[in-house]
Amino acid sequence: MIDVLNLALPFFGLIFLGMACGRFARIPDSGLAWMDFFVIWVALPALFYRVLSQTPAGELGQVWFIVATTLATFTAFLISFGIALALRRGRLAEATIIGLAGSFGNVGYMGPGLAVSALGTEAAAPVALVFCFDTLLVFSLAPFLMALARGGGAGAFATLRLVVRRIALHPFIVASVLGVASAALEVRPPVALDRLLQFLQNAAAPCALFALGVTVAMRPVDRLSAEMPIAIAVKLLVHPVVALTLLSLLGPFGETWVATAVLLAALPTALSIFVLARQYDTWVAEASSLIMVGIVVSVFTVTTVLWLIKTHRLPLNFLG
C-alpha cells in the first residue's frame, strides 16, 4: 500500500499545491493564461506525439478497445444525464452539463502522467486512444444537445461544422494524428528535436496538474445541488465498473490496456466541463464545485483503484 501511496500522492500533491497557491497568492486569474497555453498547446501535445510515434502501429488499431472505452463513457453519460433530466424536470441544458460531468474524466491533465508512472510506457497508447475518442464524443454531444435545448440558433449544418472544426483543430487530436502517422511511416525526428520533445513531455504532467489545482482554487465551492453527489458517484465508481465490464465482454485485451482504461475511467471530472458550463452559461457555479469536490473524493477512489491494479486484485478479464 505504501508503494501505491508513493505513486498516487505526488500527483494529487501537485493539484493541492496548485490549489493552495491559487487560494493564497494574490495573482490575477489572467496570470494563468500562459501556463494553460503551454500545457494545452505545447507540453501535452508533445507528450502524445512522442509516445504515439514510438508505439508500434499495430497497437494503435485496437478497434474493439476504442468501442468498449467510448461506449463506457457514453453509458456513464446516459446514466448521469437521465437522472439529471428527471431531477431537473426536463431542463435539457442543465442535464447535459451534469451528464458530461458524470462521464468525462481528467484524461488530458492527469491521465498521461499517472497511467505511465503506474503502468509503464505501454500505457501511453491506450491513454491517447481513450483521450482522442472520449474528446470526440464529448465535443460532439455538447454542442448538439445544447442546440436542441435552445432551439433555432445557427442551424444543424452550422452546428455540425462547429463540432467538426473544434475536434479537428484540437491540439491533442492533431498531435495524436501526427504521432500515429509517424509510427505508421516509421518517421523519426532529428535528435535535437526529439530531445526538445522529451523535455516538453517531462514537463507536461507537473505543469498540467499544478495549473489544474490553481484553476480549481479560483472557482470557490459556493453552490451545491442534489445532482452533484450522483454525478461524482457515477464518474468515480460506476464509470470504471462499466469500462471493466465492456472490456471483458469485447476483449480479450492486454492487462496493461485494461488496467489503463479502468484507471482513466476512475479519474475525476475534467476541468473542461466547467469551461463548457461557462461557455453555455449553464450550471456554472455547480460545475465548479463538483470539480473541486470530485478531486478531493478521487484521492481515495483513485488510490484504491491503483491499489487493486498493483496488487492484482482487479479482475482485468473477469468475464474471460
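To start, this report covers the structure provided alongside it.

Quick notes on the rules
- Here the residue index of a chain counts from 1 through its sequence in written order.
- At least 70 in pLDDT is required for a residue's local features to be given in this predicted model, at least 80 for side-chain atom pairs to be given and counted, and no such filter applies to totals for whole chains, interfaces and linings, which use all residues.
- Side-chain metrics rest on all non-hydrogen atoms present in the structure, leaving aside hydrogens and water.
- Helix numbering and strand numbering both begin at the N terminus, where a helix is a DSSP run of H or I of at least 4 residues and a strand a DSSP run of E of at least 2.
- For a compact globule the rule gives 2.2 Å times the number of residues to the power 0.38, and the radius of gyration it is set against comes from C-alpha atoms.
- For every residue, the accessible area (1.4 Å probe, protein chains only) is compared with the maximum for its type, and the residue is labelled buried under 20%, exposed over 50%, or partly exposed between those bounds.
- When checking whether two residues touch, look at their non-hydrogen atoms; a contact exists if any pair is within 4.5 Å.
- What counts as an axis is a line fitted to C-alpha atoms, over the stretch in contact for a helix, and the angles between N-to-C directions run from 0 to 180 degrees.
- Angular relationships are summarised with four words: roughly parallel below 35 degrees, roughly antiparallel beyond 145, roughly perpendicular across 65 to 115, and oblique for the angles in between.
- Each crossing is labelled by how the near helix is turned from the far one, with a counterclockwise turn of less than a right angle marking it left-handed and a clockwise turn marking it right-handed.
- In this analysis a 1.4 Å probe is tested at points of a 1 Å grid over the protein atoms alone, and where it fits but cannot get out there is a cavity; an open set with protein on both sides within 12 Å along at least five of seven lines is a pocket; lining residues have an atom within 4 Å of a point.
- Grid points are joined across faces, edges and corners, and a volume is the space filled by probe spheres set on the points.
- For this scheme, ten residues count as nonpolar: Ala, Val, Leu, Ile, Met, Phe, Trp, Tyr, Cys and Pro. Four count as charged, namely Asp, Glu, Lys and Arg, and the remainder, Gly too, count as polar.
- Note on terminology: a nonpolar core comprises buried Ala, Val, Leu, Ile, Met, Phe, Trp, Tyr and Cys residues joined through side-chain atoms within 4.5 Å.
- Surface patches are defined over residues having more than 30% relative accessible area and no salt bridge, joining like charges when they lie within 9 Å and nonpolar side chains (Val, Leu, Ile, Met, Phe, Trp, Tyr) when within 5 Å.
- Each accessible area is a Shrake-Rupley estimate made with a 1.4 Å probe; only the visible protein chains count as cover when residues are assessed.
- A pairing counts as a salt bridge when a side-chain nitrogen of Lys or Arg comes within 4 Å of a carboxyl oxygen of Asp or Glu.

1. Looking at the overall build of the chain
Looking only at helices and strands, one finds 13 helices and zero strands in the chain. Reading the secondary structure of the chain in the N-to-C direction produces α-α-α-α-α-α-α-α-α-α-α-α-α. In summary, the chain has a C-alpha radius of gyration of 19 Å against a globular reference of 20 Å for 320 residues, a match within 12%. C-alpha atoms of the chain, sized along the principal axes, occupy 55 × 50 × 50 Å. Within the chain, the proportion of its 320 residues that are buried is 53%. Considering only contacts in the chain between residues 6 or more positions apart, those separated by 24 or more positions represent 87%.

2. Looking at the packing of helix H9 (residues 191-217) against helix H13 (residues 284-310)
Where H9 contacts H13, the two axes come as close as 9 Å, and the packing angle between them is 130 degrees. One finds that H9 runs oblique with respect to H13. Crossing angle aside, the handedness with which H9 passes H13 is left-handed. Touching Leu212, Val216 and Ala217 of H9 are Ile291, Met292 and Ile295, all from H13.

3. Some points on empty space enclosed by the protein
The gaps left among the atoms become clear once a water-sized probe is rolled over them. According to the stated counting rule, one finds one cavity of 30 Å³ or more in the structure shown. Volume-wise, the largest cavity comes out at about 80 Å³. When residues of the lining of the largest cavity are traced back to their parent elements, those giving at least two are helix H3 (63-87), helix H6 (124-150), helix H10 (227-250) and helix H11 (255-265). Residues that form the lining of the largest cavity fall into these classes: seven nonpolar, five polar and two charged.

4. So, the nonpolar core
Within the largest apolar cluster, 103 residues are counted, with the highest numbers of intra-cluster contacts made by Leu276 and Leu306. When residues in this core are grouped by element, the largest group, 13 residues, is from H6.

5. Comments concerning the environment of Ala261
You can see Ala261 is positioned in helix H11. Counting along the chain gives 140 residues from Ala261 to Thr121, while the straight-line C-alpha distance between them is 14 Å. Non-local contacts of Ala261, meaning those with residues more than four positions away in its chain, are made with Phe65, Thr69 and Leu247.

6. Description of a nonpolar patch on the surface
Together, Val63, Trp64, Val67 and Leu71 give the surface a local cluster of nonpolar side chains, amounting to about 370 Å² of exposed area. When you line up the elements, Val67 lands in helix H3.

7. A few points about the pattern of salt bridges
For the structure shown, the criterion picks out four salt bridges. With a closest N to O distance of 3.2 Å, Arg50 and Asp194 form a salt bridge. One end of the pair, Arg50, is in helix H2 (residues 33-53); the other, Asp194, is in helix H9, with 144 residues separating them in the sequence. Measuring nitrogen to oxygen at the nearest pair gives 3.2 Å for the salt bridge that ties Arg91 to Glu94. On the basis of relative accessibility, which here comes to 18%, the residue Glu94 falls in the buried class.

8. Describing the layout of surface pockets
Considering only enclosed or pocket space, the largest pocket measures out at about 780 Å³ in volume. Taken together, 31 residues make up the lining of the largest pocket; nearest its centre are Ile40, Tyr109, His170, Ser272 and Val275. Among the secondary structure elements, those contributing two or more residues to the lining of the largest pocket are H2, H6, helix H8 (171-185) and helix H12 (272-279). Here the lining of the largest pocket is composed, by residue class, of 18 nonpolar, eight polar and five charged. In this structure, the second largest pocket encloses a volume near 230 Å³. Every residue lining the second largest pocket is counted, 15 residues in all, and those nearest its centre are Leu47, Val51, Val116, Thr121 and Gln201. Elements with a minimum of two residues in the lining of the second largest pocket: H2, helix H5 (111-119) and H9. Here the element with the most residues in the lining of the second largest pocket is H9; it accounts for four residues. Of the residues that constitute the lining of the second largest pocket, the class distribution is seven nonpolar, six polar and two charged.

9. Comments concerning the side chain of Thr256
Counting through the fold element by element, Thr256 comes out in helix H11. Residue contacts for Thr256: discarding those within four places in its chain leaves Leu119, Glu122 and Ala123.

10. Section: the packing of H2 against H6
It is the contact of H2 with H6, at a shortest axis distance of 9 Å, that shows an interaxial angle of 125 degrees. In terms of their interaxial angle, H2 and H6 are classed as oblique. In this structure, H2 crosses over H6, and the sense of that crossing is left-handed. Across the interface between the two elements, Phe48, Val51 and Leu52 from H2 touch Ala124, Ala125, Val127, Ala128 and Phe131 from H6. The residue inventory of the contact of H2 with H6, partitioned by class, reads eight nonpolar, no polar and no charged.

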